[in-house]
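# Structural overview for review
As a plain string of letters, each chain reads:
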Amino acid sequence: MMKHYILNLNPTAKHEWDRYIIRDPLTAKRPDIAKIISEAVGADTGSYLVSVNIEVTVLQEAPTPSPEQLSLPFPETNTASMRREAA
């Protein structure tokens, strides 16, 4: 069974659980890995020793924009002259 997910890495995240996030690309929900494995095993009650093979292939990378790219250029203004005009 082939599944595709979006992996978001943020090593500077405030909380440990936000550093590595895997989401479904269509629903944006976090996958329940245990449920996916149980679907592969079947519906019979019991305990199973399973082997899970995770093969990761990066299909596309979308880098996070740097803070310099997010800043907007503002024209320099002289606040002293603006105060005189307002008065």
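Notes on the structure in this doc start here. (Residues numbered from 1 in each chain as written. Predicted model: local features only at pLDDT ≥ 70, side-chain atom pairs only at ≥ 80, totals over all residues. Heavy atoms only, no water.)

### A look at the pattern of salt bridges
If the charged atoms of two oppositely charged side chains come close together, the side chains can form a pair. Our working rule: Whenever a carboxyl oxygen of Asp or Glu lies within 4 Å of a side-chain nitrogen of Lys or Arg, that contact is scored as a salt bridge. Each helix is a run of H or I in the DSSP string that is no shorter than four residues. Each strand is a run of E no shorter than two, and both are numbered from the N terminus. Throughout, exposure labels follow a simple rule: accessible area from a 1.4 Å probe, protein chains only, divided by the maximum for the residue type, with under 20% read as buried, over 50% as exposed, and the rest as partly exposed.
Using the criterion set out here, one finds two salt bridges in the structure. Residue R19 is joined to E16 by a salt bridge in which the shortest nitrogen-to-oxygen separation is 2.8 Å. Salt-bridge contacts for D18 lead to R30; the nearest nitrogen and oxygen are separated by 3.8 Å. With a gap of 12 residues between them, D18 in the loop between β1 (6–9) and β2 (20–23) and R30 in the loop between β2 and α1 (33–41) connect regions that are remote in the sequence. Judged by relative accessible area, which is 27%, D18 ranks as partly exposed. The exposure class assigned to R30 is partly exposed, which follows from its relative accessible area of 43%.

### Re the environment of K3
Along the polypeptide, K3 turns up in the segment before β1. Note on K3: relative accessible area 42%, which makes it partly exposed. When the C-alpha positions of K3 and I36 are compared, they lie 9.7 Å apart, and in sequence the two are 33 residues distant.

### Quick word on unusual backbone geometry
Non-glycine residue A28 carries a positive phi angle of around 65 degrees. Note on placement: A28 falls in the loop between β2 and α1. A28 gets classed as partly exposed once you look at its relative accessible area, which sits at 43%.

### Considerations on the environment of I21
Basically, it comes down to this: In this analysis, two residues are considered to be in contact whenever any of their non-hydrogen atoms come within 4.5 Å of each other.
Here I21 shows up in strand β2. On the basis of relative accessibility, which here comes to 11%, the residue I21 falls in the buried class. The spacing of I21 and L7 is 14 residues in sequence and 5.7 Å in space, taken between C-alpha atoms. Excluding residues that lie within four positions of it along the chain, I21 makes contacts with I6, L7, N8 and R30.

Purely spatial values, then, with no claim about function.
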